[in-house]
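Listed below, chain by chain, are the residues.
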Amino acid sequence: MTDNLDTIVDRLRQQQVVAYPTEAVFGLGCDPDSESAVMDLLKIKQRSWEKGLILIAADYEQLRPYVDDERLTQEQKDEIFSCWPGPVTWVMPAKVTTPKWLTGRFDTLAVRVSDHLLVCELCRAFGKPLVSTSANLSGLEPCRTVQGVREQFGDDFPVLVGQVGGRQNPSEIRDALTGKLFRQG
């Protein structure tokens, strides 16, 4: 089953989990405001809600409802924006209204403004960011092709057809407050 942008957006609006190409691998994503969709994604990934999740967006405005950037200095914001759009995920202070199913046990949220064309088109068409985690079942390698997604998740799993970007590694993850590197990109 191959899905186009409109079909994938419809699936997201129906609170379903979808797969889509990102900078290095296919991602699994869903509506960040839907607790049931996020719980479905966590079940598929066999991942604890306590770890928190990443939001991926077309632009920074899509992330503003979730992050408390008033707690960042202008210098910290300048550092973040110098990397976006691009493959750097920043762990930022979360707004108190940001759901715990996104932040996990933390008071922060990992966010990224993507430079992948299809991710940006998808987020713009959906009208907000997506939860983003690598498309792979526990213990298996992340998928890098549509066929790989089908092999791990089945032929009926909704997949936005496209190519991953040229990156070999997942996004770098840094702390916005301290600059500390959590994961090398």
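As a reminder, the structure under discussion sits directly above these lines.
Residues numbered from 1 in each chain as written. Predicted model: local features only at pLDDT ≥ 70, side-chain atom pairs only at ≥ 80, totals over all residues. Heavy atoms only, no water.

Undergrad: Quick question: what am I supposed to make of the side chain of T22 here?
TA: Tracing the backbone shows T22 in the loop between β1 (18–21) and β2 (26–29). Assessed through its relative accessible area of 6%, T22 is described here as buried. A distance of 2.5 Å separates the side chain of T22 from the backbone oxygen of V25, its partner in a polar contact. (Helix = DSSP H or I, 4+ residues; strand = E, 2+ residues; numbered from the N terminus. Buried < 20%, exposed > 50% of the residue type's maximum accessible area, 1.4 Å probe, protein only. Polar contact = N/O pair within 3.5 Å; in protein donor to acceptor, adjacent residues only side chain to side chain.)

Undergrad: How do you make sense of helix α2 (residues 35–45) when you look at a structure like this?
TA: Since one α-helical turn is 3.6 residues long, residues separated by three or four positions face the same way. Among all positions in α2, only A37, V38, L41, L42 and K45 are buried. Taken around the axis of α2, the buried residues stretch over an arc of 135 degrees, which confines them to a single face. Contact partners of the buried residues in α2: β2, α4 (100–103) and β6 (130–134). Among the residues trailing α2, Q46 stands out with phi positive, at a value near 55 degrees. (Arc of directions from axis to C-beta. Contact = heavy atoms within 4.5 Å.)

Undergrad: What is the right way to read the layout of surface pockets from this model?
TA: Once rolled over the atoms, a probe with the size of a water molecule shows which space is left empty. Counted as a void, the largest pocket has a volume near 830 Å³. Those elements that provide at least two residues to the lining of the largest pocket are β2, α4, β5 (108–113), β6 and β8 (181–183). For the lining of the largest pocket, the element with the highest residue contribution is β5, accounting for four residues. Partitioned by chemical class, the residues of the lining of the largest pocket number 15 nonpolar, 13 polar and seven charged. (1 Å grid on protein atoms, 1.4 Å probe; cavity = no way out; pocket = protein on both sides within 12 Å on 5 of 7 lines; lining within 4 Å. Points joined across faces, edges and corners; volume = space filled by probe spheres on them. Nonpolar A, V, L, I, M, F, W, Y, C, P; charged D, E, K, R; others polar.)

Undergrad: When you look at the environment of S138 in this model, what are you seeing that I'm missing?
TA: As for its placement among the helices and strands, S138 is situated in the loop between β6 and α6 (146–153). Separated by 91 residues in the primary sequence, S138 and R47 have C-alpha atoms spaced 8.3 Å apart. Each residue touching S138, except ones within four places of it in the same chain, is listed here: K45 and Q46.

Undergrad: What's the story with the packing of aromatic side chains in this structure? I'm lost.
TA: Ring pairs (aromatic) are described by centroid distance and by the angle formed between their planes. Scanning all chains against the criterion turns up four aromatic pairs. On the numbers, 4.9 Å between centres and 75 degrees between planes, the contact of Y60 with F81 is edge-to-face. Taken together, the positions of Y60 in the loop between β3 (54–57) and α3 (74–82) and F81 in helix α3 put the pair 21 residues apart, joining distant regions of the chain. When its relative accessible area of 36% is taken as the criterion, F81 is described as partly exposed. (Phe/Tyr/Trp six-rings, centres within 6.5 Å; stacked < 30°, edge-to-face > 60°.)

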